[in-house]
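Survey of secondary and tertiary structure
This is what each chain is made of:
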Amino acid sequence: MIMKKILIVPLCAMIVLAVIFSAIRITYLNNTYPNPKIIEHKIGEIIDGGGVSVRVKKSELIGGQEFEDSFKNYTQLVENDDGSVVSGEQYKVLLIYIDITNKTSKIQNISVAQMYAETLTWTNGIDAEIFGMLNKDNNVFDPQYLEIDPDKNKSIVLTYMMYDFQFQKKDWEEVKISNFDLSLSRYPVKHIVKLL
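Let me sum up the structure you'll find in this document. (Residues numbered from 1 in each chain as written. Predicted model: local features only at pLDDT ≥ 70, side-chain atom pairs only at ≥ 80, totals over all residues. Heavy atoms only, no water.)

1. As for the nonpolar core
The nonpolar side chains of a soluble globular protein tend to be buried, and buried together. Membership of the largest hydrophobic core comes to 30 residues, with the highest contact counts inside it found for Ile100, Val112, Leu158 and Leu182. Of all the secondary structure elements, the ones that give two or more residues to this core are strand E3 (52–63), strand E4 (91–102), strand E8 (146–148) and strand E9 (153–163). Grouped together as the second largest cluster of nonpolar side chains are 14 residues, Tyr74, Leu95, Leu134 and Met161 included. (Core = buried A, V, L, I, M, F, W, Y, C linked by side-chain atoms within 4.5 Å. Buried < 20%, exposed > 50% of the residue type's maximum accessible area, 1.4 Å probe, protein only. Helix = DSSP H or I, 4+ residues; strand = E, 2+ residues; numbered from the N terminus.)

Structural data, given as structure tokens:
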């Protein structure tokens with residue numbers, strides 16, 4: 001019995017020290033890396049990013065079948081668990097039309113790959129294949145590398161895919177454009193455009 005009491009005291013002390021150390025570490029991390037400041041923007045608003053500005057012109061959410069009907073050269077390659085190819089009813093494409101303006105006297109090379117479409121529970125990056133397909137008329141093929149000449153503007157389409165297996169069944173049935181935001185930056189300031 002005495003042996004148990006002797007073991008309990010150091011064990012309790014170790015647990016208390018572990019809790020105190022964890023609390024100190026959490027406090028340190030929260031002070032060092034606080035939550036980002038969130039700034040919300042609306043469609044049509046010009047968002048100043050220093051050397052470049054961004055303006056979201058419009059957005060649309062297209063069902064997979066409608067997308068395939070509009071773009072005959074697109075082939076869906078994603079498979080279901082059973083090996084069958086995802087059908088047009090199982091995916092949607094979010095298209096966001098933006099203008100990016102170079103406000104400097106030098107060529108600007110930017111990446112739009114860091115712009116994410118998101119809801120409270122879902123985040124996705126640009127679909128590079130569809131991005132290249134929809135922006136080829138502007139000679140833009142790679143979301144990682146977008147070159148804009150001095151004092152010039154580029155209009156591009158950001159492309160995001162979503163699949164039914166990424167959502168709960170009820171959420172998938174209720175997906176609409178007003179559920180989404182476009183996140184232009186993540187940290188320390190998070191600029192988001194409400195896609196209403």
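2. Topic: a nonpolar patch on the surface
A cluster of nonpolar side chains, Tyr28, Leu29, Tyr33 and Tyr187, forms an exposed patch at the surface whose accessible area comes to about 450 Å². Within the secondary structure, tyrosine 33 is located in the loop between helix H1 (2–32) and strand E1 (37–42). What makes tyrosine 33 exposed here is its relative accessible area of 54%. (Patch = residues over 30% accessible without salt bridge, like charges linked within 9 Å, V, L, I, M, F, W, Y side chains within 5 Å. Areas by Shrake-Rupley, 256 points an atom, 1.4 Å probe, with all protein chains shown as cover. Salt bridge = Lys/Arg side-chain N within 4 Å of Asp/Glu carboxyl O.)

3. Structural notes on the sheet that holds strand E11 (residues 189–194)
One open sheet accounts for 5 strands, arranged E1-E11-E10-E6-E7; its pairing is mixed. In this open sheet, the two strands that pair with only one neighbour each are E1 and strand E7 (123–124). Sheet topology places strand E6 (residues 116–118) next to E7; 2 bridges connect them, and they run antiparallel. Bridge pairing in E7 links alanine 117 to asparagine 124. (Pairing = 2+ DSSP bridges.)

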